[in-house]
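Residue-level listing of the chains:
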Amino acid sequence: MATYIARRLIQGIFVILAASMFCFIIFQYMGDPVLNMVGQYASFQEIEEVRQNLGLDKPLYVQYGRFLWNAVHGNFGKSYVTRVPALGLILERFPATFELVSLAVLMAFITGVVMGVVVALKPYAWRNRLIMAGSLAGISIPTFLIGILLIMVFAVFLEILPAFGRGDTLQIGFWRTGLLTVSGLRHLILPAVTLAMYQLAVLLRLTRAGMREVMTEEYIKTAWAKGLPPRKVIFKHALRNVLIPVVTITGLQFGELIAFSIVTETIFQWPGMGNLLLTSIYEGDQPVIVTYIMLAALIIITANIIVDILYAMINPKIRYD
Amino acid sequence: MIKTRIRSKMFYSYLHDPSAIAGSVILTVFVLSALMAPWITPQNPYNLEEVSLEYFLTPPIWMEGGQMPYMLGTDDQGRCIFSTIIYGCRTSLVVGFSVVLIAGTFGIIIGLLAGYYGGKLDTITMRLADTFYSFSTTLLAFLFLGIFGKGSVSIVIMAICIAGWVKYGRTMRGSVLEVKQEAYIMAAKATGASDIRLLLKHLMPNAIPPIFVIVAVDLAVVIMLEATLSFLGVGVPLTEPSLGMMVAIGKNYIYAGMWWMIVFPGAALIFLVVGINLFADWLREELNPKIERKG
Amino acid sequence: MLAVTFIAIILGAAGPATAASTLIVAQDYPPRMMNPHGDDSDAGLSYMANFFDGLLQRKGSDGALVPALAVKWDHPDLLTWRFYLRKDVKFHNGNDFNAADVKFTFERLIDPEVSEFTNTGKQIDLVEVIDDYTVAIKTKQPIPWFANNMHQVFIMDKESTESRDPGDVMVKPIGTGAYKFVEWVKGSYIKMEANEAYWEGAPPIKKVEIRPITESSTRFAALVSGQVDIVTGVPVELFDKVLKNPKLQVVSRPARRSIFLGLGNKPGTPTADIRVRKAMYMAINEDEIIEKIMRGHASPAAQVPDPPTIGYNPDIKRLAYNPDMAKKLLKEAGHEKGFDITLTGPNDRYVQDAKIAEAVARYLAKVGIRVKLDVKPKSVFFPEVTKGILDFYLIGWFDGTFDMGRTYFKLVHTRDEEKGFGVFNGAAFSVPEIDKLLQSTADIVKPEERQKTLQKLNKMAMVDHIAWIPLHYQEDLYSIQKDKGIKFQPRPDRWMVYKEISK
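Residues numbered from 1 in each chain as written. Chains lettered and ligands numbered in written order. Predicted model: local features only at pLDDT ≥ 70, side-chain atom pairs only at ≥ 80, totals over all residues. Heavy atoms only, no water.

Q: Looking at this structure, I do not really get helix H16 (residues 447–464) of chain C. What am I missing?
A: Structural remark: α-helix, 3.6 residues per turn; residues separated by three or four positions point the same way. All names here are of chain C. Here H16 contains 18 residues, and its C-alpha end-to-end distance of 24 Å stays within 8% of the 26 Å for a straight helix at 1.5 Å per residue. Three or more residues of H16 are buried, namely Arg450, Thr453, Leu454, Leu457, Asn458, Met460, Ala461 and Met462. Where H16 is buried, its residues contact helix H14 (404–411), helix H15 (432–440) and strand S17 (468–481). One or two steps after H16, the chain reaches isoleucine 466, where phi turns positive at roughly 45°. (Helix = DSSP H or I, 4+ residues; strand = E, 2+ residues; numbered from the N terminus. Expected span 1.5 Å × (residues − 1). Buried < 20%, exposed > 50% of the residue type's maximum accessible area, 1.4 Å probe, protein only. Contact = heavy atoms within 4.5 Å.)

The structure is reproduced here in structure tokens:
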């Protein structure tokens, strides 16, 4: 098992390296960042001097080599726009994104699974038809549209929830949190619901489908026959098996989650990492873009490895050699 | 022979499932409208000569200030909302079908080869697939377009295909692995059938059914993805708005009370995707043998 | 039950409570950094003007140049500028302000790691400290407008800037300005409080909180919901809504920035023929653009500099909108069937920039010129302009020195990498006649003489050669809450200098 994890980690490092190399190559086509770093009245010479100063005139492999050397020492370069270390800039925004994503995942998971179970057990009641219709809408409405519709209803029309920003936040050590103020919590509602909606619908349908399949399995029928109380049958046996693919898929959807959080942060002006990525792309802030991609890759790969390990622990039939 | 019976059973179930019929009707309406766009719309909103600033920001005709032929109102450049929706749906459908076709074909081929030959080819392609998949189609497409993007439909299609092939590849491979063991395949092999013949005539047709569900679901997903990318500004060009971009344009006006620029394109997008999903749901139920069904 | 109560509290809670005397402002651009030399755009300098002072400052609605940290200045010879400094001024950290700080500041300008004012820095030959309160700056060449720039160079404290970590300098400003820095939460807000010991007298508003909101409709929402007192950059499409709202007041002033289209005249291209340029000019219905796209918040421009600038020529008039004449000219020039051209422009820099470009493309399409629209973020667009590879582009300009000379060297002079001319001449427009006249102005120092020659140059460029197709001057739109008694006079450079605002 340990060798498996080690191998996955090494593969992961390769992926991160490949991603960063890819970025560097692409940046050659991205337009000249130097111009945004000199004043409006800089002459051609001054522009060239800045270019040399930053080492942007050196061949690609030299730049990349220097970047890697620095990265290993924890230096991911300075943002072209704000001239502060790129890594720090991104990590500063990590709490905002983390709080948003965690709340959304929590909401989606709990609500989705619970409703999925409820609907699976009584498929033909009217209430359940409504929920299923709702879940269909949930996977058919793109995240950005959900966000905008929620803003239109709750912020513009009804005026009861704020449409942008994080509200008041408190700084605890290095973590800036919005969870400890009423204002912070209010600002969290719409973005979290927006982000959660799609996942919720997917989990709901997945749980329902899984439950319906599992209920026909032999060991469940045996459990019924044995006269076990329904609660035990459902939770102890059926749900446990359904949760395996559900959890796996949630873990594997990390990439999608990160992507959708970018959209959500943009719509609600949420000061998180996704928002930073978007503005960095518009501004051509290459150090921040590369650092973000590497960080995102790290998170995704770690999530995948954790899911694999969990899966192996739950399902003894899987063997990793 | 077995296949004909299954087909007629499916057809029967199709005719009796309201959501399946609803789904396919909606989809057909959209496809037909997109095809007949030049004839059913009063204006070609992508043609700069036909659009005039004179009629900008008019509301739908049932509100004060609305005027024919702009039934659903106009946007801030004077484009007729109805026309732009129809042309926008065209873009959505073109992107959707193209990606499914290109990524699908590519993925199916990879899946066939990986599943059949196994070994190094299998490991490498699946590792690659894993990596691409974990980054998610959305993120990869967004990064690709954000950094390269020159705003054209073909580049958007390319961007989505980068990771779009993975689900086809994996599903096909899994399906091939199962079918590979079947008796008739072994028999064909034993009688000395060539690899290509085996792949094309025997493996593929039998391994392909799960792909149908993937196609239907993927179509919906790709259409939503194109809308999201256009909304973020990295998709279609500004002068040829698709549904997503229409929402992006309209969102600046919601506070001014000009809701028609978002609500109509948004509704169109939702209907289109719901239609596809209804059909996909029915298809999935049909092809899944494990569910207990009523009647 | 608990859940319901919880939800009720959250929904019922009012917005964040801040002290009544705090002025809350939603500005349309966030600060990039707190280093006053690191960003030479007006958006950045606007923030810095509150924490720092320059040797001089600009005040009043005409932006007149008046003393700040220098009480007097003179120009003993063509290369020397002498500044007599104000006494008894302290930085926010208690350090005294004197000539050493001025020398340190100007010498810092040439370091590209910390400064975007390298251009200004390089012009300086040496900074001489005559005594604790007198400084003489010698430039390498005569620069007639040198003092005009002194309101943008903010003086930093030598001791603390040298002893602090460079990262700290980027996020915490220490200046002599009217406001002291309190807190900066990136992406959320900047808090500042009045400097009671300010040399000009403590500012009337004691606490200011700036919330940078880049999304225009969000900014508008913040204003309407009463969360902010002032909003800069009111989006034109929402302007009517603001007007109708009884709680809000609109404040506007004509901007100094003019928006225009750049063209090339390379032999062999359609635009090399002046008739074609004239035709394109006449094909565009600028009045409709102003009415429909700018919603009336722009004034038609016939040239690049604005009225207060030296070089502005009131005799230059716009060519009237005349698509038929345009078609005729095109036919004469041999382009009856039209031609193809790409219009490049930014989509995140000027008011309605992408929409204006779209409209221009449409007008040209109607006279047979097929325009391919290529709008992109400014970070990609401006490098293309400096490479000079464009055919036809949308751009805006405003020169803080109130003198057309510097602008013209950058925009219309034939590109010359060595001498640094024509950096923003995006389509490599070149007329040797114009270059010669422009170069001759470099030696003229007296404003009246400069005015005469620059006006002549301006007319030559606009009327005889149609170097650009001018469109309009933007309007700066702000909105404030009516009942708070805020007295606010917008500045011509769009800076938000809070010591000038009272409640």
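Q: Would you take a moment to explain unusual backbone geometry for this structure?
A: What is expected of a backbone is that most residues other than glycine have negative phi and most peptide bonds are trans. Positive phi values are uncommon outside glycine, yet B:Ser136 reaches one of about 75°. Turning to its location among the elements, B:Ser136 is positioned in the loop between helix H5 (119–135) and helix H6 (137–148). Classification of B:Ser136 by relative accessible area gives buried; the value is 2%. Backbone geometry at C:Ala428 places phi at a positive 55°, although glycine is not the residue there. On the accessibility criterion, C:Ala428 (24% relative accessible area) is partly exposed.

Q: Teacher, can you tell me more about the interface of chain A and chain C here?
A: As a measure of interface size, the accessible area lost when the parts come together is often cited. With 41 residues of chain A at the interface, the matching set in chain C holds 53 residues. Between chain A and chain C, roughly 4100 Å² of surface is buried when both sides are summed, and carbon and sulfur atoms account for 55% of that area. Applying the counting rule to chain A against chain C returns three salt bridges. A salt bridge links A:Glu49 to C:Lys122; the nearest nitrogen and oxygen atoms lie 3.1 Å apart. Applying the counting rule to chain A against chain C returns five residue pairs in polar contact (both at pLDDT 80 or more). Ranked by the residues each element gives to the side of chain A that touches chain C, the list is headed by helix H2 (residues 44–53) of chain A, at six residues. Residue composition of the side of chain A that touches chain C, grouped by class: 21 nonpolar, nine polar and 11 charged. (Buried area = accessible area lost by both parts, 1.4 Å probe. Salt bridge = Lys/Arg side-chain N within 4 Å of Asp/Glu carboxyl O. Polar contact = N/O pair within 3.5 Å; in protein donor to acceptor, adjacent residues only side chain to side chain. Nonpolar A, V, L, I, M, F, W, Y, C, P; charged D, E, K, R; others polar.)

Q: Sorry if this is basic, but what is going on with the sheet that holds strand S4 (residues 70–77) of chain C here?
A: Each strand in a sheet pairs with its neighbour through backbone hydrogen bonds, running either in the same direction (parallel) or in the opposite one (antiparallel). Residues and elements named next belong to chain C. The strand order S4-S5-S7-S6 describes an open sheet built from four strands, whose pairing is antiparallel. For this open sheet the edge positions go to S4 and strand S6 (124–131), each flanked by a neighbour on one side alone. For this sheet the average axis-to-axis angle between neighbouring strands, irrespective of direction, equals 20°. Note: S4 against strand S5 (residues 80–85), five bridges, orientation antiparallel. By the bridge assignment for S5, tryptophan 73 is matched with phenylalanine 83. (Pairing = 2+ DSSP bridges. Axes fitted to C-alpha atoms, helices over the stretch in contact; angles between N-to-C directions.)

Q: Can you help me understand the side chain of C:Asp101 in this one?
A: All names here are of chain C. By the secondary structure assignment, aspartate 101 is in helix H3 (residues 99–108). Despite its burial, aspartate 101 pairs with no opposite charge, the nearest such side chain being lysine 158 at 7.5 Å. Polar side-chain contacts of aspartate 101 include one of 2.8 Å to the backbone nitrogen of lysine 158. Setting aside chain neighbours within four positions, we find aspartate 101 in contact with Phe91, Asp96, Ile155, Met156, Asp157, Lys158 and Glu159. (Lys, Arg positive; Asp, Glu negative; His and termini not counted.)

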